[in-house]
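# Examining the three-dimensional arrangement
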Amino acid sequence: MDLFVYGTLLFPEVLIALLGRVPARQPASAVGWRVAALPGRPYPGLVPHPGGTALGQVISGLVESEARLLDDYEDGGYRLTAITLADGRSCPSYVWRAGVLAQDWSLDRFAADQLAGYVLECARWRVVAGWGPPPCDDR
């Protein structure tokens, strides 16, 4: 499975905490969308925005269990939705369905201020949610 990601899943550290590996990734963008800051949350939401362009990546090679884990992880405000990328292909992405802030989410600010703690929270979430510790990827 391929997945367009635009927020915390852009960080290899988060992918490792959740999946135990970093899947293949390639830069991508989605025209007509923006990566919005969310009220009271450290992560963003992808929302429609005429004239906007959401920058991200397509991660590929997700196996069924990884896709189920990410569905569980992204529960609570997101809906997996097929969107059209700038290159014309259709790709699923987690689209936010609730209120957003006027400003865009800052990848750099998140990396500087919140990434380390967020990675620990992801690892804790994986165990508490019943997925166990992330497997080691020795590739």
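Presented here is a report on the structure given in the accompanying data block.

## Let's talk about the overall build of the protein
When its secondary structure is counted, the protein shows four helices and five strands. Counting helices and strands in the order they occur from the N terminus, the protein gives β-α-β-β-α-β-β-α-α. For 139 residues, the compact-globule formula gives about 14 Å, and the C-alpha radius of gyration of the protein, at 14 Å, lands near that figure. Along the first, second and third principal axes, the C-alpha set of the protein runs to 40 × 30 × 25 Å. Per-residue burial for the protein yields a buried fraction of 42% across its 139 residues. Sequence-distant contacts in the protein: of pairs separated by 6 or more residues, those separated by 24 or more amount to 71%. A total of about 7,200 Å² of accessible surface is found on the protein, and carbon and sulfur atoms cover 55% of it.

## Examining the environment of Gly20
With respect to the helices and strands, the residue Gly20 is situated in the loop between helix 1 (12–19) and strand 2 (24–37). Overall, the relative accessible area of 8% leaves Gly20 in the buried class. Along the backbone, Gly20 and Ala116 are 96 residues apart, and their C-alpha atoms lie at a distance of 16 Å.

## Quick notes on the packing of helix 1 against helix 2 (residues 64–73)
At their nearest, the axes of helix 1 and helix 2 sit 11 Å apart, and the two run at 105° to each other. Put simply, helix 1 runs roughly perpendicular to helix 2. For the pair formed by helix 1 and helix 2, the contact residues are Val14, Leu18 and Leu19 on the first element and Glu66, Leu69, Leu70 and Tyr73 on the second. For the contact of helix 1 with helix 2, the residue count by class is six nonpolar, no polar and one charged.

## Digging into the side chain of Arg34
You can see Arg34 is positioned in strand 2. In this structure Arg34 comes out as buried when scored by relative accessible area, which is 11%. A polar contact is formed between the side chain of Arg34 and the side chain of Asp104, at a distance of 2.7 Å. Leave out the neighbours within four places in its chain, and Arg34 touches Gly45, Leu46, Val47, His49, Ala54, Val100, Leu101, Ala102, Gln103 and Asp104.

Conventions and cut-offs
Residues numbered from 1 in each chain as written. Predicted model: local features only at pLDDT ≥ 70, side-chain atom pairs only at ≥ 80, totals over all residues. Heavy atoms only, no water. Helix = DSSP H or I, 4+ residues; strand = E, 2+ residues; numbered from the N terminus. Rg over C-alpha atoms; globule rule 2.2 N^0.38 Å. Buried < 20%, exposed > 50% of the residue type's maximum accessible area, 1.4 Å probe, protein only. Contact = heavy atoms within 4.5 Å. Areas by Shrake-Rupley, 256 points an atom, 1.4 Å probe, with all protein chains shown as cover. Axes fitted to C-alpha atoms, helices over the stretch in contact; angles between N-to-C directions. Parallel < 35°, antiparallel > 145°, perpendicular 65-115°, else oblique. Nonpolar A, V, L, I, M, F, W, Y, C, P; charged D, E, K, R; others polar. Polar contact = N/O pair within 3.5 Å; in protein donor to acceptor, adjacent residues only side chain to side chain.

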